[in-house]
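Read off the chains here:
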Amino acid sequence: AQTVTQSQPEMSVQEAETVTLSCTYDTSESDYYLFWYKQPPSRQMILVIRQEAYKQQNATENRFSVNFQKAAKSFSLKISDSQLGDAAMYFCAYEGNSGAGSYQLTFGKGTKLSVIP
Amino acid sequence: DAGVTQSPTHLIKTRGQQVTLRCSPKSGHDTVSWYQQALGQGPQFIFQYYEEEERQRGNFPDRFSGHQFPNYSSELNVNALLLGDSALYLCASSFGFGAGYEQYFGPGTRLTVT
């Protein structure tokens, strides 16, 4: 079974600074997707960024970028120019692509990010 | 454009009772997934519906069942409630069945079992 580990239960960052959230995963599949989801205190989870395992180029979405190291099974999220609205729980998630039965999101336990004004 | 909606927002039930949670997917979406999120934990996949059939199931007992209607809305039923079923239940929808699709989450239903 696939597992996703987020080793930082809590992180904090000064407004306008950069922070990196860590995620590692374990899988025997060669084709899969990785995601970072954000869950603000209002609870509605939203997608931050997505990475396809077969793409070597790291995904970027505005201030959010990832460092995807496939061999190391590592998938970290970098938030640049942090804003107060970035404060939330961040979940790393894995989704296999080996056929029906593998298309399910497996989440880590999350990292709570606080942004200090 | 309405996003994913869930009802009710909060629910309190007694051990042994049965509960039904409802989800309306985002307009245009045909696939619905359900997750259980215990306090302080990440969501855990319960099951996924596509074309009115359960296509995938996580490691949850048969007490958890669901249904998808022709309009793509979905229900999650939990029988013989246990204290450990207390959690936030999230519904997510996407367009298409397969890997890599963005899932849009609803606000959740907070279930408390006493």
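Keep in mind the model is a prediction, meaning the values are calculated, not measured.

(A) Spotlight on the overall build of chain A. Each helix and strand counted, chain A has 0 helices and 12 strands in total. Ordered by position from the N terminus, the helices and strands of chain A form the series β-β-β-β-β-β-β-β-β-β-β-β. Computed over its C-alpha atoms, the radius of gyration of chain A comes to 14 Å, within 12% of the 13 Å expected for a compact globule of 117 residues. Counting the 117 residues in chain A, one finds 48% classified as buried. Pairs at least 24 apart in sequence give 55% of the contacts found in chain A among residues at least 6 apart. If you sum the accessible surface of chain A, you get close to 5700 Å²; carbon and sulfur atoms cover 45% of it. Mean positive and mean negative side-chain charge positions of chain A (10 and 11 charges, respectively) differ by 3 Å.

(B) Broad picture of unusual backbone geometry. All names here are of chain B. That bond from Ser-7 to Pro-8 is cis: its omega, -10°, falls within 30 degrees of zero. Even without being a glycine, Glu-51 presents a positive backbone phi close to 50°. Relative to the helices and strands, Glu-51 is located in the loop between strand E5 (44-50) and strand E6 (53-57). We note that Glu-52 has phi near 65°; this positive angle belongs to a residue other than glycine. Following the sequence through the fold, Glu-52 ends up in the loop between E5 and E6.

(C) Structural detail: the nonpolar core. Among the nonpolar cores identified, the biggest contains 25 residues, and Tyr25(A), Trp36(A), Phe75(A), Leu77(A) and Tyr90(A) are the most heavily contacted of them. Residue assignment for this core shows that the elements contributing at least two residues are strand E3 (19-21), strand E5 (32-39), strand E6 (46-52), strand E8 (64-69), strand E9 (74-79), strand E10 (88-96) and strand E12 (111-116) of chain A. With residues up to four places along the chain from it excluded, the contact list for Leu77(A) reads Val19(A), Thr20(A), Leu21(A), Trp36(A), Val48(A), Ile49(A), Phe64(A), Ser65(A), Val66(A) and Tyr90(A). Core analysis: the next-biggest nonpolar cluster, separate from the first, contains 20 residues, Tyr49(B), Leu81(B), Cys91(B) and Leu111(B) among them.

(D) Local environment of the pattern of salt bridges. Residue and element names in this part refer to chain A. Within the structure shown, the criterion is met by 8 salt bridges over all chains. Among the ionic pairs, Asp-86 bridges to Arg-63, the shortest N-O distance being 2.8 Å. In this pair, Asp-86 is assigned in the loop between E9 and E10 and Arg-63 in the loop between strand E7 (60-61) and E8, connecting sequence segments 23 residues apart. Overlapping salt bridges, with partners in common, bring together Arg-50, Glu-52 and Lys-55 in one network.

(E) Molecular detail of the side chain of Asp86(A). All names here are of chain A. Take Asp-86: its relative accessible area is 2%, and that puts it in the buried class. Within the structure, the side chain of Asp-86 is placed 2.8 Å from the side chain of Arg-63, a separation counted as a polar contact. Excluding anything up to four places from it in sequence, Asp-86 contacts Lys-38, Arg-63, Phe-64, Ile-79, Asp-81, Leu-113 and Val-115.

(F) Molecular detail of the interface of chain A and chain B. Each partner contributes residues to the interface: chain A has 22 residues there, and chain B has 28 residues. With both sides pooled, the region where chain A packs onto chain B buries about 1900 Å², and carbon together with sulfur makes up 51% of that total. Between the two partners, chain A and chain B, sit 0 salt bridges. On inspection of chain A and its partner chain B, the count reaches 6 residue pairs in polar contact (both at pLDDT 80 or more). Sort the elements by how many residues they give to the side of chain A that touches chain B and E5(A) lands first, with 4 residues. The residue inventory of the side of chain A that touches chain B, partitioned by class, reads 10 nonpolar, 8 polar and 4 charged.

Procedures and definitions
- Residues numbered from 1 in each chain as written.
- Chains lettered and ligands numbered in written order.
- Predicted model: local features only at pLDDT ≥ 70, side-chain atom pairs only at ≥ 80, totals over all residues.
- Heavy atoms only, no water.
- Helix = DSSP H or I, 4+ residues; strand = E, 2+ residues; numbered from the N terminus.
- Rg over C-alpha atoms; globule rule 2.2 N^0.38 Å.
- Buried < 20%, exposed > 50% of the residue type's maximum accessible area, 1.4 Å probe, protein only.
- Contact = heavy atoms within 4.5 Å.
- Areas by Shrake-Rupley, 256 points an atom, 1.4 Å probe, with all protein chains shown as cover.
- Lys, Arg positive; Asp, Glu negative; His and termini not counted.
- Charge placed at Lys NZ, Arg CZ, Asp CG, Glu CD.
- Core = buried A, V, L, I, M, F, W, Y, C linked by side-chain atoms within 4.5 Å.
- Salt bridge = Lys/Arg side-chain N within 4 Å of Asp/Glu carboxyl O.
- Polar contact = N/O pair within 3.5 Å; in protein donor to acceptor, adjacent residues only side chain to side chain.
- Buried area = accessible area lost by both parts, 1.4 Å probe.
- Nonpolar A, V, L, I, M, F, W, Y, C, P; charged D, E, K, R; others polar.

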